[in-house]
Structure formats: structure tokens, C-alpha cells
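As a plain string of letters, each chain reads:
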Amino acid sequence: NENQSFVLVYAFGIILAMSIFWGGGYVMQSVVQEKESRIIEIMLSSVRPLPLLVGKVLAMGTLSLIQVGTLAGTFMLIGGRAGSVFESLGDLSVTPSALALLIVYFVLGYLLFGSAMAAIGAMSTTARESQNYVTFVTFPAMIPFFAMSIIVEEPNGTLAKVLSMIPFTAPMSMGMRVAVIDVPVGELLSSMVLLI
């Protein structure tokens, strides 16, 4: 059961991190390129800024989900052929409520980081300049991944609870906790409100 929980937590962390870096990076790159080529001025004459950014974040999020889904499908196909690794894990089961919460945190996390990347792209004048600011957004997202073993061993510990309430670390750390235990409803709601 510990191996199954760890695999589930690890898989969720990898999928969220990949979508954040790919999707958010695409949004940031798109915004910066449109600013450099000055096409954004033409686009803003016919579209308001907020719908334009929301469309970019959602479109690039969909694209990154397709990429992550393709990679996950390939991994499952290759892993299915390997056999012995997956047989040793047994039947990996996820409750419907945990799956729903993982999806909610995935979407909220992507929207937070995609919007942050779009903001970085909007304030940067060149692609090189925007790369300097990305670390301030992506590093906090990876803190729970570095502390994964602590979170899995003590999902109700102080570190896990604190990381679950900070918006930049909440998607991954709460996703890890949800995969392992039933998190109290009050903590879930407060974490979601802060993330929103």
C-alpha cells in the first residue's frame, strides 16, 4: 500500500510539474513573442486584454494536457509491456473523491501558474528577460516535490499542512496528501479558497 501511494503521489507530481512548465512556458513565450513583434497592439484593438489572456492560458493548458496525456499513455504502454514493475504494485486504486480532488487541484494549480507565467511575459520585453523571472514562479512549485518523502510519511504533519495552504505549493502538496489520506474538509476548503 505504501508503494501504491508513493507511485500515485509521484505520478501526480510529475504530471503537474510537466504541465506547469510546458503550458506556462508556452503562454509566457507566446505573450513575449507577440510583444516583440508588436502584433499584440493589433490584437488589442479588436479583443479586450482579459479575454485574450484567458484564451491563451486555456489554449496552452489544453495543449500541455495533450502532451502530458500522450507521454503518460506511452509510459503506460511501455510499462504494461514491462509487466513485473506494475505487477509488484498490485491493483493501484484511487477513490472517486480523491480523483475529483486531484483534478480540481490540477486545474487550479495550472490556472495559477499559467496566469503567473502570462504576467511574467506581459511585463518582460524580451524572451531572455522573461527567463530570468521564471525561477521565482517555478521553484516554489517544486518545493513539495523535494519534500515528497516527508509529505507521504507524515501527511498530517506541520510541513504538509503549511505547504497545503500556500498558493504556490498547495496544488502539489495537497495533491500528495489527498492521494495518501482523507484530508479534513476544512483544510481542503481553506486551501482551495487561498488558491483561487
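Whatever comes next refers back to the structure up there.
Quick caveat: nothing in here was measured; it's all calculated off a predicted structure.

Rules and cut-offs
- Residues numbered from 1 in each chain as written.
- Predicted model: local features only at pLDDT ≥ 70, side-chain atom pairs only at ≥ 80, totals over all residues.
- Heavy atoms only, no water.
- Helix = DSSP H or I, 4+ residues; strand = E, 2+ residues; numbered from the N terminus.
- Buried < 20%, exposed > 50% of the residue type's maximum accessible area, 1.4 Å probe, protein only.
- Contact = heavy atoms within 4.5 Å.
- Areas by Shrake-Rupley, 256 points an atom, 1.4 Å probe, with all protein chains shown as cover.
- Phe/Tyr/Trp six-rings, centres within 6.5 Å; stacked < 30°, edge-to-face > 60°.
- Polar contact = N/O pair within 3.5 Å; in protein donor to acceptor, adjacent residues only side chain to side chain.
- Patch = residues over 30% accessible without salt bridge, like charges linked within 9 Å, V, L, I, M, F, W, Y side chains within 5 Å.
- Salt bridge = Lys/Arg side-chain N within 4 Å of Asp/Glu carboxyl O.
- Arc of directions from axis to C-beta.
- Axes fitted to C-alpha atoms, helices over the stretch in contact; angles between N-to-C directions.
- Parallel < 35°, antiparallel > 145°, perpendicular 65-115°, else oblique.
- Nonpolar A, V, L, I, M, F, W, Y, C, P; charged D, E, K, R; others polar.
- Core = buried A, V, L, I, M, F, W, Y, C linked by side-chain atoms within 4.5 Å.

Caption draft 1: Just the overall build of the chain, in detail. When you go through the chain residue by residue, the secondary structure sums to ten helices and zero strands. In the chain, the order of α-helices and β-strands from amino to carboxyl end is α-α-α-α-α-α-α-α-α-α. Relative to its 196 residues, the chain shows a buried fraction of 41%. Put simply, of all contacts in the chain between residues at least 6 apart along the chain, 75% involve residues at least 24 apart. For the chain, the accessible area works out to roughly 11000 Å², and carbon and sulfur atoms hold 69% of it.

Caption draft 2: Fine view of the packing of aromatic side chains. This model, assessed by the stated rule, comprises two aromatic pairs. Centroid distance Phe139 to Phe146: 6.3 Å. Interplanar angle 45 degrees. Geometry classified as tilted.

Caption draft 3: Looking closely at the side chain of Arg177. If you trace the backbone, Arg177 turns up in helix H9 (residues 170-180). Looking at Arg177, the relative accessible area reads 0%, which means it is buried. A polar atom in the side chain of Arg177 sits 3.0 Å from the side chain of Asn156. Side-chain polar atoms of Arg177 contact the side chain of Ser164, separated by 3.2 Å.

Caption draft 4: Region of the structure containing the environment of Val27. Examined against the element boundaries, Val27 turns out to sit in helix H1 (residues 2-37). As a C-alpha pair, Val27 and Ala116 span 89 residues in sequence and 9.6 Å in three-dimensional space. Discounting residues that sit within four places of it in the chain, Val27 has contacts with Lys56, Val57, Met60, Tyr110, Gly114 and Ala118.

Caption draft 5: Molecular detail of H9. Of all the eleven residues making up H9, ten are buried; the element is thus mostly covered by neighbouring parts of the structure. Every buried residue belonging to H9 is among Ala170, Pro171, Met172, Ser173, Met174, Gly175, Met176, Arg177, Val178 and Ala179, and all of these are buried.

Caption draft 6: Here's a closer look at a nonpolar patch on the surface. Among the surface-exposed residues, Leu50, Val54, Leu58, Leu99, Ile103, Val107 and Leu111 lie close enough to one another that they form a single nonpolar patch of about 610 Å² accessible area. Among the elements of the structure, helix H3 (49-82) and helix H5 (96-123) are those that each provide at least two residues to the nonpolar patch. With respect to the secondary-structure elements, Leu58 resides in helix H3.

Caption draft 7: Expanded view of helix H10 (residues 185-195). All buried positions along H10 are accounted for by Glu187, Leu188, Ser191, Met192 and Leu195. One side of H10 carries all its buried residues, which in axial view fall inside an arc of 125 degrees. Exposed side of H10, more than 90 degrees from the buried face: Val185, Gly186, Leu189 and Val193 are the residues found there. As for H10, its buried residues are in contact with H5, helix H8 (158-165) and H9.

Caption draft 8: Expanded view of the packing of helix H6 (residues 127-146) against H9. At a minimum axis separation of 7 Å, H6 and H9 run at an interaxial angle of 25 degrees. When the axis of H6 is compared with that of H9, the two are roughly parallel. Mapping the contact onto sequence places Ala141, Met142, Pro144 and Phe145 in H6 and Met172, Ser173 and Met176 in H9. Here the contact of H6 with H9 is composed, by residue class, of six nonpolar, one polar and no charged.

Caption draft 9: Fine view of the nonpolar core. Ranked by internal contacts, the top residues of the largest apolar core, which has 37 residues, are Met172, Met176, Val178 and Leu188. Put simply, the parts of the chain that give this core at least two residues each are H1, H5, H6, helix H7 (148-153), H8, H9 and H10. Sorting elements by how many residues they give to this core places H5 first, with ten residues. Ignoring any residue separated from it by four or fewer positions in sequence, one finds Val178 in contact with Ala98, Leu101, Leu102, Val183 and Leu188. By size, the runner-up hydrophobic cluster in this structure holds five residues, among which are Val27, Val31, Val57 and Tyr110.

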